[in-house]
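Each chain, written out:
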Amino acid sequence: MSKVQIKEESDIVKARSVAKEMARDLGFGLVDQTRISTAVSELARNIFAYAGEGEVYIETDWDHRKGIRITFTDQGPGIEDIDLALQDGFSTAGSMGKGLPGAKRLMDRLNIQTKPGEGTRIIIEKWLDK
Amino acid sequence: MTQSASIPILKLKEFLIVSIQTDLHDRMAEQLQYSILHRISETGAKGVLIDISALEMVDSFIGRTLADTAKMASTLDADIIIVGMQPAVAITLVELGLSLGDVKTAISLDEGYGLLEEMRAEESRNDDEEEKVGDAEVESETESEDGK
Ligand SMILES: Nc1ncnc2c1ncn2[C@@H]1O[C@H](COP(=O)(O)OP(=O)(O)OP(=O)(O)O)[C@@H](O)[C@H]1O
Ligand SMILES: [Mg+2]
């Protein structure tokens, strides 16, 4: 497992390269490695953009599943409407609204826990044993 | 301060060549966009080849920055060609739901260079035709005035 603190913009790059390396070591092919690092980049950037800071936790062993699981945690403003935030094109920042729905498409699972005013935890997984 | 001066922009005849050899963080991508546009207006370059073959991923931010750069460059009368995108990156971009707009892509620098030359040739043909059409309009106006 590995932990990357997101405090400044360059930490986004750090998080995605650590995730890619761990995915490669675990046996994911190049396309999956790219999917994983891209999803990590999107969600780590969301932490930096909306919460200012937070943490990315990467693990490769849980519940007897083989794969990679990445948890993004922040104490930011939270997401008001999860369904809306997962829609393509929805953005409160005047951006493209591709990060969350895109990350969901790139991974096998995406789960959001959030409370307005308290923060957000997003878990993504990619499995080797589908 | 983080440096992006490490990404050189080379000039070759009327074109610029940029080869991104490092993982781009957001501010670097923005600085690169600025530098490219600045060099276009400084040199009057008519096209830019951006080699991204070393980029291991293109996320929404980098993708949008590339697309925006191409759009802005076209207002400066320069075409942008993205060269050497890795297949895994292309697949991921589509799944992410991102399109690079009308940005042209090429497999290699050679192909990209050829494409730029073709585009230039076509654009100058179109310019010639527009001029001819413009002349014809002036003539017909004169004619109708004469006819009154
Ligand atoms: N960690 C977070 N904390 C608070 N709000 C968030 C967080 N992540 C996402 N959001 C909210 O969800 C919306 C959608 O996020 P998403 O990443 O899909 O799009 P975006 O960041 O607005 O645009 P893009 O990622 O395409 O540049 C954001 O605009 C923001 O309001
Ligand atoms: Mg986002």
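Quantities reported herein were computed from a predicted structural model and do not represent experimental measurements.

Now for the interface of chain A and chain B. Tallying the contact residues gives 21 residues for chain A and 21 residues for chain B. A combined buried area of about 1900 Å² lies between chain A and chain B, and 53% of that area is made up of carbon and sulfur atoms. For the chain A face of the interface with chain B, the top three residues by lost area are E9(A), R16(A) and M96(A), together amounting to 27%. Where chain A meets chain B, there are 7 salt bridges. For K20(A), the salt bridge identified is with E56(B), shortest N-O distance 3.1 Å. Applying the counting criterion to the chain A and chain B interface returns 15 residue pairs in polar contact (both at pLDDT 80 or more).

Residues and elements named next belong to chain A. Around ligand 1 sit 18 residues in total, of which Y50, S91, T92, S95 and K98 are the nearest. Here an oxygen atom of ligand 1 sits 2.6 Å away from a polar atom, N or O, in the side chain of Y50. Separating an oxygen atom of ligand 1 from a side-chain N or O atom of T92 is a distance of 2.5 Å. Alone, ligand 1 offers 600 Å² of accessible surface; in the complex the protein occludes 93% of this. Those elements giving two or more residues to the shell around ligand 1 turn out to be helix 2 (30-51) and helix 4 (99-106).

Quick look at the pattern of salt bridges now. Counting across every chain of the model gives 24 salt bridges over all chains. Between E123(B) and R120(B) there is a salt bridge, with its nearest N and O atoms 2.8 Å apart. On the criterion of helical spacing, the pair formed by E123(B) and R120(B) is a turn pair, its members being 3 residues apart in helix 4 (residues 109-147). Among the charged side chains, a network of salt bridges with common partners joins R16(A), E42(A), R45(A), D23(B), D26(B) and D59(B).

This next bit is on the packing of aromatic side chains. Tallied over the full model, the rule gives 1 aromatic pair over all chains. With a centroid separation of 5.3 Å and an interplanar angle of 85°, the aromatic rings of F15(B) and Y113(B) are classed as edge-to-face. With F15(B) in strand 2 (residues 15-19) and Y113(B) in helix 4, this residue pair connects regions lying 98 residues apart in the sequence. Overall, the relative accessible area of 1% leaves F15(B) in the buried class. In this structure, R65(A) packs its charged tip against the face of W127(A), placed 4.0 Å from the ring centre.

As a further point, take the sheet that holds strand 3 (residues 65-74) of chain A. All names here are of chain A. Sheet architecture is open: 5 strands sit in the order 1-2-3-5-4, paired in antiparallel fashion. Each edge of the open sheet is held by one strand with a lone partner, namely strand 1 (2-6) and strand 4 (109-115). Across this sheet, the average inter-strand angle for adjacent strands is 15°, counted without regard to direction. Strands strand 1, strand 2 (54-62) and strand 3 of the sheet are contacted by helix 1 (residues 10-26), whose axis makes an angle of about 165° with strand 1. Strands in contact with helix 2 are strand 1, strand 2, strand 3 and strand 5 (119-127); relative to strand 3, the strand with the most contacts, it is inclined by about 15°.

Scoring rules and cut-offs
Residues numbered from 1 in each chain as written. Chains lettered and ligands numbered in written order. Predicted model: local features only at pLDDT ≥ 70, side-chain atom pairs only at ≥ 80, totals over all residues. Heavy atoms only, no water. Contact = heavy atoms within 4.5 Å. Buried area = accessible area lost by both parts, 1.4 Å probe. Salt bridge = Lys/Arg side-chain N within 4 Å of Asp/Glu carboxyl O. Polar contact = N/O pair within 3.5 Å; in protein donor to acceptor, adjacent residues only side chain to side chain. Near = heavy atom within 4 Å. Areas by Shrake-Rupley, 256 points an atom, 1.4 Å probe, with all protein chains shown as cover. Helix = DSSP H or I, 4+ residues; strand = E, 2+ residues; numbered from the N terminus. Phe/Tyr/Trp six-rings, centres within 6.5 Å; stacked < 30°, edge-to-face > 60°. Buried < 20%, exposed > 50% of the residue type's maximum accessible area, 1.4 Å probe, protein only. Lys NZ or Arg CZ within 6 Å of the ring centre and 35° of its normal. Pairing = 2+ DSSP bridges. Axes fitted to C-alpha atoms, helices over the stretch in contact; angles between N-to-C directions.

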